Amino acid sequence: MWGYKMENGTWTGIVGMVTRREAEVGVSDIAINGERVGAITYSMPVAIFHYKVFIRIEEPGVSWNNFLAPFSIGLWLTTVVCSVIIAIVLNICHLVDVSHGMESATGSNFARHIFRSFGILFCLKDDTTTPLSVQSRVTDVLSYILGSVLFCAYSAAVISFLTVRKTNLPFTNLEQLHKAKSYKVGAVQASSTLVAFTLSKEALARDVFRVHLQSPATLPTSVLDGLQRVCHTSRYAFMVPLEEAAEHVPHLSCAVVFLPQNIFEMAYAIVINNHSPYIDLFRHTCVSH
């Protein structure tokens, strides 16, 4: 679409049309790179594009861990210990009440108090009997207060835990991705991304090009094609300007995310035939705006 230089020296796409003077001006955002300079004339830059690496993120499934994770293991154990302590206190209070003749000794044992304390702390539910002594009632009230605090804290934590999803990226930049050696990397055929890696003198860019980008026929033919490969191909990373990918991302069949660190930034401009009489006009218009 934008245009790249073929082996015979001719250009394709918009750049080719402008060089052949089939059009005086290519009104499109075309990247400014060293390969095109000289073949056409650029206007003043009209935009700066930020090149990113897009990868797929797996959607987390719903499991029991989602409901246990809001509280730490230590807090769960503390709650269980508190429940046992409450049961012991209730049992002691009951034995004291029995010794003073305030309650009957039948139908009550330590196991019953264990179930009572667990019911109060975890379900805010007690049995139908009402303790008669002050100490038993105070223990019940304090248990309900503790249970209410735990219930409110757990409800808020589990709702936020299930609602807010934290994305853990396997890496944050292209260098880490390349060193991992577990992902295939792609870019659009004959795009400014590919040209930038072809012309780059940096060791990382040369390595990425040598390993992943040397066979243009296997690369995506468009931005949408590349993003769809991210969804349908396991461990596939796609390099593309964020501004070009933004319109396609909401419509993909999977969740994708870009690595936070830019690969590079590149200026984009309108291209004009070198001999066009409108060169000065476009330059003046771009500067004015």
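Attention here is on the structure that accompanies the text.

Calculation notes
- Residues numbered from 1 in each chain as written.
- Predicted model: local features only at pLDDT ≥ 70, side-chain atom pairs only at ≥ 80, totals over all residues.
- Heavy atoms only, no water.
- Helix = DSSP H or I, 4+ residues; strand = E, 2+ residues; numbered from the N terminus.
- Buried < 20%, exposed > 50% of the residue type's maximum accessible area, 1.4 Å probe, protein only.
- Contact = heavy atoms within 4.5 Å.
- Salt bridge = Lys/Arg side-chain N within 4 Å of Asp/Glu carboxyl O.
- Disulfide = S-S within 2.5 Å.
- Pairing = 2+ DSSP bridges.

1. A short note on the overall build of the protein
Along its length, the protein carries 11 helices and 7 strands. For the protein, buried positions account for 36% of its 289 residues. A separation threshold of at least 6 residues defines the contact pool for the protein, and within that pool the share at least 24 residues apart is 72%.

2. A closer look at the pattern of salt bridges
Scanning all chains against the criterion turns up 5 salt bridges. For Asp 207, the salt bridge goes to Arg 210, with nearest N and O atoms at 3.4 Å. Placement of both Asp 207 and Arg 210 in helix H8 (residues 203-213) is noted, with a separation of 3 residues, approximately one turn of the helix. Note on Asp 207: relative accessible area 29%, which makes it partly exposed.

3. Examining the environment of Leu 174
Mapping Leu 174 onto the fold places it in helix H6 (residues 174-180). Spatially, the C-alpha atom of Leu 174 lies 9.6 Å from that of Ala 237, the residues being 63 residues apart in sequence.

4. What to know about the state of the cysteines
Disulfides are covalent bonds that link the sulfur atoms of two cysteine residues. Evaluated as defined, the whole model comprises 1 disulfide. Note that Cys 231 is cross-linked by a disulfide to Cys 254, the S-S spacing being 2.0 Å. With the S-S bond torsion at -80°, the cross-link from Cys 231 to Cys 254 turns out left-handed. Of this pair, Cys 231 sits in helix H9 (residues 223-232) while Cys 254 is found in the loop between helix H10 (242-245) and strand S6 (256-258), placing the two residues 23 residues apart along the sequence. Take Cys 231 and Cys 254: they sit in the same class, and that class is buried.

5. Here's the deal with the pairing of strand S7 (residues 264-272)
Buried residues dominate S7, accounting for 7 of its 9 residues. For strand S1 (residues 25-31) and S7, the ladder comprises 4 bridges, and the chain directions are antiparallel. By the bridge assignment for S7, Gly 26 is matched with Val 271. The sheet contact formed by strand S2 (residues 41-42) and S7 spans 2 bridges and is antiparallel. Bridged to Tyr 42 within S7 is Val 271. As paired strands, strand S3 (residues 47-56) and S7 are joined by 5 bridges and run antiparallel to one another. By the bridge assignment for S7, Ala 47 is matched with Tyr 268.

6. Side note on the side chain of Asn 91
Among the structural elements, Asn 91 can be located in helix H3 (residues 73-99). Leave out the neighbours within four places in its chain, and Asn 91 touches Asn 109, Phe 110 and His 113.

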